[in-house]
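# Structure at a glance
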Amino acid sequence: MSTQTAFRISDIPQTGHSQRKLADKALRAAATFWFVVAVVGQLVFAFTVASFYGLTAARGNWQQWNKNMSHGYAADHPMGNVVVAIHLASAVIILLSGVVQLIPQVRRYAPGLHRWNGRVYMVTAFSLSLAGLYMLWFRGSVGDLPQHLGQSLDAVLIMLCSVMALRYALTRDFRTHRRWALRLFMVVSASLFIRAGIFLSVVANHGPFGFDPVTFRGPFLTFISFGQTLVPLAVLEIYLRTQDRAAAAGRFAMAAGLFVLTVVMGAGVLTVSAASFMPELKAAYDNRKSIAQTLSETIAAGGIDRAIQQYHEVKAASPAAYNFNEDELNNLGYQLVRDHKFDQAIRIFQLNVEAYPQSGNVYDSLGEGYMDAGNKAQAIDNYQRSLQLNPKNTGAVKMLQLLKK
């Protein structure tokens, strides 16, 4: 054979092998991108929860807890308040420890920290789920039965993944352990996923999509209550199986899909941060006294008339020392509604209308107060006024349709 025609197998370009290596790199890059976005979201979420609930509690402004939770704080249920506090503290711990647990360098160079942090992570996640189930089924929550079942499924899966991750760690089957740890991270992150999904849907749709903002019920909320857990788990399982068996084409497809999902998740995190987390951080670091908390204590001790008198006195004497923002009285009014103190709630909503006569939101709240009290005519009048000030208030439109039937 001549030297011109002789060749070796190794001289043939290894196209398939090169594609596989490139596909592996693409998949790793997509997974890293997802992890970075998820970590940033978790850190912002944890910082917001710790700041908002921690600092408002430190200032004695427990009323602020009811801004985002329908039954966050109740003066006559001290044991329930302890459970809520445990739930919030546990949420911050697992958000932070979960991030540390999945960093490969920690596992590689600080195995002792990885083990102890993992134990804290799993025990805290388990206790968080138990506290969450108590809050959901005994403390009370917004939404309907399907939403509660979806939230309960997440809690049960958190407990299951915690047990399984611990089991395989103890048997030193670290490959299986890591997979259960990833599943645990996914189901623990559901609270961030659902917030990102809801806020992103509202922005994309220029209003509530698939649910009633007044009752907070609807098919989209039912879907996302289950989807917050099942969709990320499904994506994770596909990713793990792609790692195990897929050819280059499958890995490229998984990388592309994961990249798109990460972009959507990132958009959701940015949206919920701008619409919810940033305002909560602003409120957390506002050192003014809460007028809602002050009036709540006065109502309990001296009645609603004394509280309204105090509002005017304080506003005239120390306007800079107290927080007179619109949502202060609004939150207090809704807390009174939840306590079925409708007459007191209406007085507080009226006070807010007096303070913010150009806000459609305060008339909407007053309308709801009258509706809950059974005063249909006044409810219609205030919903109409709300709609005049804010023609985009779809909630007022729905309530008027309901009241005029």
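Predicted, not measured: the structure shown is a model, and the values here were computed from it. Per chain, residue numbering runs from 1 following the sequence as it is written. At least 70 in pLDDT is required for a residue's local features to be given in this predicted model, at least 80 for side-chain atom pairs to be given and counted, and no such filter applies to totals for whole chains, interfaces and linings, which use all residues. For side-chain calculations, the full set of non-hydrogen atoms in the structure is used, while hydrogens and water are omitted.

This part is about the overall build of the protein. Secondary structure elements are defined from DSSP: runs of H or I of at least 4 residues count as helices, runs of E of at least 2 residues count as strands, and each element is numbered from the N terminus. Within the protein one finds 16 helices and two strands. Along the three orthogonal principal directions, the C-alpha set of the protein runs to about 105 × 45 × 40 Å. Working rule for contacts: check all heavy atoms of both residues, and any pair within 4.5 Å makes them a contact. Put simply, of all contacts in the protein between residues at least 6 apart along the chain, 66% involve residues at least 24 apart.

By secondary structure assignment, the location of Ser273 is in helix α9 (residues 248-284). We call a residue buried when its accessible area falls under 20% of the maximum for its residue type, exposed when it is over 50%, and partly exposed in between, using a 1.4 Å probe and counting protein chains only. Residue classification places Ser273 among the buried residues on the basis of a relative accessible area of 11%. Excluding residues within four positions of it along the chain, Ser273 makes contact with Val44, Met278 and Pro279.

This part takes up helix α15 (residues 376-389). Helix span is expected to be 1.5 Å times the residue number reduced by one. Helix length check: α15 (14 residues) gives 20 Å between terminal C-alpha atoms against 20 Å at 1.5 Å per residue, within 8%. Within α15 the residues assigned to the buried category are Ala379, Ile380, Asn382, Tyr383 and Ser386. Looking at the buried positions of α15, the neighbouring elements they touch are α14 (360-373) and α16 (394-403).

Let's shift gears to the packing of helix α4 (residues 111-139) against helix α6 (residues 174-188). Here an axis means a line fitted to C-alpha atoms, over the contact stretch when the element is a helix, while the angle between two N-to-C directions is reported on a 0 to 180 degree scale. One way to put it is that α4 packs onto α6 with a least axis distance of 12 Å and a crossing angle of 45°. One element, α4, and the other, α6, form an angle in the oblique class. Crossing hand, α4 versus α6: left-handed. For the pair α4 and α6, the contacting residues are His114, Tyr121, Met122 and Ala125 in the first and His177, Leu184, Phe185 and Val188 in the second. What sets the label is the angle itself: under 35 degrees gives roughly parallel, over 145 gives roughly antiparallel, 65 to 115 gives roughly perpendicular, and the rest give oblique. When the near helix sits turned anticlockwise from the far one by under a right angle, the crossing is termed left-handed; a clockwise turn instead gives a right-handed crossing.

So, about a nonpolar patch on the surface. Two distance rules govern patches: like charges are joined within 9 Å, and nonpolar side chains (Val, Leu, Ile, Met, Phe, Trp, Tyr) within 5 Å, applied only to residues with over 30% relative accessible area and no salt bridge. Only the protein chains shown count as cover for residues, with accessible areas throughout obtained via the Shrake-Rupley method and a probe of 1.4 Å. Think of a salt bridge as a Lys or Arg side-chain nitrogen and an Asp or Glu carboxyl oxygen that are within 4 Å of each other. Together, Phe33, Phe259, Val260, Val263 and Val264 make up an exposed nonpolar region whose accessible area comes to about 410 Å². It is α9 that contributes the most residues to the nonpolar patch, four residues altogether. Looking at where Phe259 falls in the secondary structure, it is placed in helix α9.

Paired rings are identified among Phe, Tyr and Trp, the last through its six-membered ring, by centres lying within 6.5 Å, and are further divided according to the angle between planes into stacked (under 30 degrees), edge-to-face (over 60) and tilted (the rest). In total, this model carries twelve aromatic pairs according to the counting rule given. Taking the centre distance of 6.5 Å and the plane angle of 25° together, the rings of Phe47 and Tyr285 count as stacked. Taken as a pair, Phe47 in helix α1 (residues 15-58) and Tyr285 in the loop between α9 and β1 (289-290) lie far apart in primary sequence, 238 residues in all. Here Tyr285 falls in the partly exposed class, since its relative accessible area comes to 46%. Relative to Phe220, the ring of Phe209 lies with its centre 5.4 Å away and its plane at 70°, an arrangement referred to as edge-to-face. Residue Phe209 is located in the loop between α7 (190-205) and α8 (219-245), and its partner Phe220 is located in helix α8; the two are separated by eleven residues in the primary sequence.

A word on the side chain of Arg251. Note on placement: Arg251 falls in helix α9. Ignoring any residue separated from it by four or fewer positions in sequence, one finds Arg251 in contact with Arg20, Ala23, Asp24, Leu27, Thr242, Gln243, Asp244 and Ala246.

What follows concerns the pattern of salt bridges. Following the criterion strictly, the structure yields nine salt bridges and no others. With its nearest N and O atoms 2.7 Å apart, the salt bridge here joins Asp24 to Arg251. Of this pair, Asp24 sits in helix α1 while Arg251 sits in helix α9; the two residues are 227 residues apart in sequence, bridging distant segments of the chain. Its salt-bridge partner being Asp244, residue Arg179 comes within 2.7 Å of it at the nearest N-O pair. Of this pair, Arg179 sits in helix α6 while Asp244 sits in helix α8, and the two are 65 residues apart along the sequence.

Note on scores: pLDDT gives the predictor's confidence for each residue, bounded by 0 and 100. In the predicted model, the protein carries a mean pLDDT of 88, and the fraction of residues at 70 or more is 94%. Across the protein, the element-wise mean pLDDT spans from 83 in helix α2 (residues 78-101) up to 96 in helix α13 (residues 342-355).

The subject of this paragraph is the nonpolar core. Where a protein is soluble and globular, its nonpolar side chains tend to be buried together. If you look at the biggest cluster of nonpolar residues, it comprises 35 residues, and the most contacted ones within it are Trp34, Leu184, Val187, Val188, Tyr239, Leu258 and Met265. Among the elements of the structure, α1, α2, α4, α5 (145-170), α6, α8 and α9 are those that each provide at least two residues to this core. Nine residue types can take part in a nonpolar core, namely buried Ala, Val, Leu, Ile, Met, Phe, Trp, Tyr and Cys, and a core is a set of them joined through side-chain atoms within 4.5 Å.

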